[in-house]
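Coordinate analysis (summary)
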Amino acid sequence: MYPNCNTNPCNRRKFIYNLSCNAGLAALAINGIASIWGCGNSEHKREEKAGNEKGQNKLGIALVGLGGYSSGELAPSLKETEHCYLAGIVTGSPEKAEKWKKQYDIPDKNIYNYQNFDTIKDNADIDIVYVVLPNSMHAEYTIRAAKAGKHVICEKPMAITPEDCERMIAACKEAGKMLSIGYRLHFDPYHIEMMRLGQKKVYGPIKKIKADNGMDGTSGWRLDKKLAGGGPLMDLGVYNIQGARYTTGLEPIAVTAREGPKTNNALFKDIEETIFWEMEFPQGITAECMCSYSKGTNLLRAEAEKGWFELSPTYAYRGLKGKTSKGEMNFKGVNQQARQMDDFAMAVKDKRPTPVPGEMGLQDVKIIHAIYKAMETGERVDV
Ligand code: NAD
């Protein structure tokens, strides 16, 4: 399954979104002033604030795992959303719980740890659980959230094996809950333009894609294969794969791959440091890709019969730049995460499919596994 630029709700909703986003900010500002003037104890005020958000028909999101991405991007973005809000947190750290409770006005009853997480089923404030844990933990927490009767957003990569992805999809189906993957770039105007230019063949049929994604250095659980499931391919490679899939609108047929040289054997003893791979698509299209934990690089480029188009930087949260053989792309920057979470909340409310479902995450994990197999065997592997 690949996203279709015609059905991406962002196009249609861009104007409405901007208007309503401002309205949402205004409402938050008013609530903020009210809480400064208000009296009563702080726990009461927190519950009152949560009640206000619910009163505005916003869905409550609980973030599971309060690391870099939750604290740096998701929680701040949830102050800019119109259809959902930060209602709860799940953390193993009492210190973090205390800090977040004050910073985001979260009532005690909406704060969980990993042991009592399943009791979230009794909490009507929480509609959506957002899993932002190390990759190998995604499956367990998505399945537990579904069993607790919650809709789920799960970060990328969906899981570390296709089997885990399938279990996650089955658990959500069985619970009658929706599942989406944190593919924020589907909600960014520059990537929506790549989908349009490629899928509509604006520059004629695509011949070749080039997708590079690397950063200079990594640390922590990302170096531990048990938690990460792999190296930069698992972490960053989903973006290359996604970019090639949605720019062509096609699915890869087969892959070849080779591991790049290691500059630090001790650090990268379990995982690849750099990987190069090629994906073969129908109609003779090829995608040349690379990912690295030791070289900063950021490109998505399509070469077509009558021209080219590219983004660089492309996978970043902000500051994207785009060019085509005819000139520069020029879109206003957006809050990708706010759009992504609002779109899922709207999908839940409207009972319509999400454009970034679990099945899309599963396909990416299947492709990742084919690439690792090709790297290990040196052979061309069918997807
Ligand atoms: P992080 O290391 O900053 O945070 C991980 C969190 O998980 C921490 O709060 C940590 O305490 C908690 N945790 C619970 N059990 C743990 C364990 N056994 N080992 C290690 N940590 C444990 O990581 P992050 O950068 O926030 O990434 C979390 C997830 O979000 C990953 O799946 C990552 O791929 C994804 N992510 C996505 C984007 C994006 O742009 N969509 C960006 C960054 C991260």
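Residues numbered from 1 in each chain as written. Predicted model: local features only at pLDDT ≥ 70, side-chain atom pairs only at ≥ 80, totals over all residues. Heavy atoms only, no water.

**Let's talk about the environment of Val131**
- When you line up the elements, Val131 lands in strand E4 (residues 128-131).
- Residues Val131 and Ile181 lie 50 residues apart in sequence; the distance between their C-alpha atoms is 9.5 Å.
- With sequence-adjacent residues up to four places away left out, Val131 is seen in contact with Val64, His138, Tyr141, Thr142, Val152, Ile153, Cys154 and Glu155. (Helix = DSSP H or I, 4+ residues; strand = E, 2+ residues; numbered from the N terminus. Contact = heavy atoms within 4.5 Å.)

**Details of helix H11 (residues 336-350)**
- Look at H11: 21 Å from first C-alpha to last across 15 residues, which is about the 21 Å you get at 1.5 Å a residue.
- When you tally the buried positions in H11, you get 13 out of 15 residues, the bulk of the element.
- A side-chain oxygen of the first residue of H11 lies 3.2 Å from the backbone nitrogen of Gln337; this N-cap is Asn335.
- Trailing H11 by a residue or two, Lys351 shows a phi angle of about 55 degrees, which is positive. (Expected span 1.5 Å × (residues − 1). Buried < 20%, exposed > 50% of the residue type's maximum accessible area, 1.4 Å probe, protein only. Polar contact = N/O pair within 3.5 Å; in protein donor to acceptor, adjacent residues only side chain to side chain.)

**Notes on the packing of helix H10 (residues 237-248) against helix H12 (residues 358-377)**
- With their axes 10 Å apart at the nearest point, H10 and H12 run at an angle of 115 degrees to one another. By the angle between their axes, H10 is roughly perpendicular relative to H12. With respect to the hand of their crossing, H10 and H12 are arranged in right-handed fashion. Across from Val238, Ile241, Gln242 and Arg245 in H10, the residues of H12 making contact are Met360, Gln363, Asp364, Ile367, Ile368 and Ile371.
- Of the residues contributing to the contact of H10 with H12, the split by class is 6 nonpolar, 2 polar and 2 charged. (Axes fitted to C-alpha atoms, helices over the stretch in contact; angles between N-to-C directions. Parallel < 35°, antiparallel > 145°, perpendicular 65-115°, else oblique. Left-handed = near helix turned anticlockwise from the far one by under 90°. Nonpolar A, V, L, I, M, F, W, Y, C, P; charged D, E, K, R; others polar.)

**A look at the pairing of strand E11 (residues 294-304)**
- Sheet analysis places strand E7 (residues 206-216) next to E11, joined by 9 bridges and oriented antiparallel. When the sheet's bridge partners are listed, Ile209 is paired in E11 with Ala302.
- In the sheet, E11 pairs with strand E12 (residues 307-311) via 5 bridges, with the strands oriented antiparallel. By the bridge assignment, Ala302 is partnered in E12 with Phe309.
- Between E11 and E12, which follow one another and run antiparallel, lie 2 residues. (Pairing = 2+ DSSP bridges.)

**Topic: the sheet that holds E4**
- Spatial strand order, E3-E2-E1-E4-E5-E6: 6 strands in an open sheet with parallel pairing. Here the strands that pair on one side only, and so sit at the sheet edges, are strand E3 (111-112) and strand E6 (179-181).
- Here 3 bridges tie strand E5 (residues 151-154) to E6, and the two strands are oriented parallel to one another. Bridged to Cys154 within E6 is Ile181.
- Helix H4 (residues 94-104) rests against strand E1 (59-64), strand E2 (84-90) and E3 of the sheet, and its axis sits at about 160 degrees to E2.

**Some thoughts on H12**
- Between the first and last C-alpha of H12 there are 29 Å, a value that for 20 residues agrees with the 28 Å anticipated at 1.5 Å per step.
- The element H12 is extensively covered by neighbouring structure, given that 14 of its 20 residues are classed as buried.
- Of the residues one or two after H12, Gly378 is the one with positive phi, at around 75 degrees.

**Some remarks on the side chain of Glu273**
- Its location among the elements puts Glu273 in the loop between strand E8 (254-259) and strand E9 (274-280).
- Lys262 provides the closest opposite charge to the buried, salt-bridge-free Glu273, at an N-O distance of 6.9 Å. (Lys, Arg positive; Asp, Glu negative; His and termini not counted. Salt bridge = Lys/Arg side-chain N within 4 Å of Asp/Glu carboxyl O.)

**Re the site of the ligand**
- Near the ligand, the surroundings consist of 22 residues, among which Gly68, Asn135, Lys156, Arg184 and Trp221 are the closest.
- At 2.9 Å from a nitrogen atom of the ligand is found a side-chain nitrogen or oxygen belonging to Glu155.
- In the environment of the ligand, an oxygen atom lies 2.7 Å from a nitrogen or oxygen atom belonging to the side chain of Trp221.
- Within the complex, 77% of the 830 Å² of free accessible area of the ligand lies under protein.
- When residues are assigned to domains, the shell around the ligand turns out to be shared by domain 1 (3-133) and domain 2 (185-332 + 358-382), each giving three or more. (Near = heavy atom within 4 Å. Areas by Shrake-Rupley, 256 points an atom, 1.4 Å probe, with all protein chains shown as cover. Domains from an automatic or database assignment.)

**A closer look at the nonpolar core**
- Within the largest apolar cluster, 84 residues are counted, with the highest numbers of intra-cluster contacts made by Trp277, Met279 and Ile371.
- Looking at which domains feed residues into this core, each of domain 1 (3-133) and domain 2 (185-332 + 358-382) supplies at least three.
- Beyond its immediate stretch of four places on either side in the chain, Met279 contacts Asn240, Ile241, Ala244, Pro252, Ala254, Val255, Ile285, Thr286, Ala287, Cys289 and Ile367.
- In this structure, Leu66, Ala75, Trp100 and Ile153 belong to the second largest nonpolar core, which totals 26 residues. (Core = buried A, V, L, I, M, F, W, Y, C linked by side-chain atoms within 4.5 Å.)

**Thoughts on the confidence of the model for the chain**
- The pLDDT averaged across the chain works out to 90; a share of 89% of its residues lies at or above 70.
- This model gives residues 1-40 a pLDDT under 50, and the stretch forms 60 contacts once residues within four places in sequence are excluded. (pLDDT = per-residue confidence, 0-100.)

**What about the pairing of E1?**
- Among the 6 residues of E1, 6 are classified as buried, and the element is accordingly described as predominantly covered.
- In E1, alternate side chains face the same way, and those of Leu59, Ile61 and Leu63 on one face and Gly60, Ala62 and Val64 on the other are all buried.
- Across 6 bridges, E1 lies against E2 in parallel orientation. Pairing of Leu63 across the sheet is with Ile89, part of E2.
- Chirality of the crossover, the property in question, places the unit of E1, helix H3 (residues 68-77) and E2 among those that are right-handed.
- Two elements, E1 and E4, share 4 bridges in a ladder whose sense is parallel. Opposite Ala62, over in E4, you have Val129 as the bridge partner. (Right-handed = clockwise from strand over helix to strand, strands pointing away.)

**Digging into unusual backbone geometry**
- Cis geometry marks the peptide bond from Lys156 to Pro157, where omega comes out at -15 degrees.
- Located in the positive-phi region is Asn57, a residue other than glycine, with phi close to 65 degrees.
- With respect to the helices, strands and loops of the structure, Asn57 is situated in the loop between helix H2 (42-55) and E1.
- Overall, Asn57 belongs to the partly exposed group, its relative accessible area being 49%.
- Positive phi outside glycine occurs at Lys201, with the angle close to 55 degrees.

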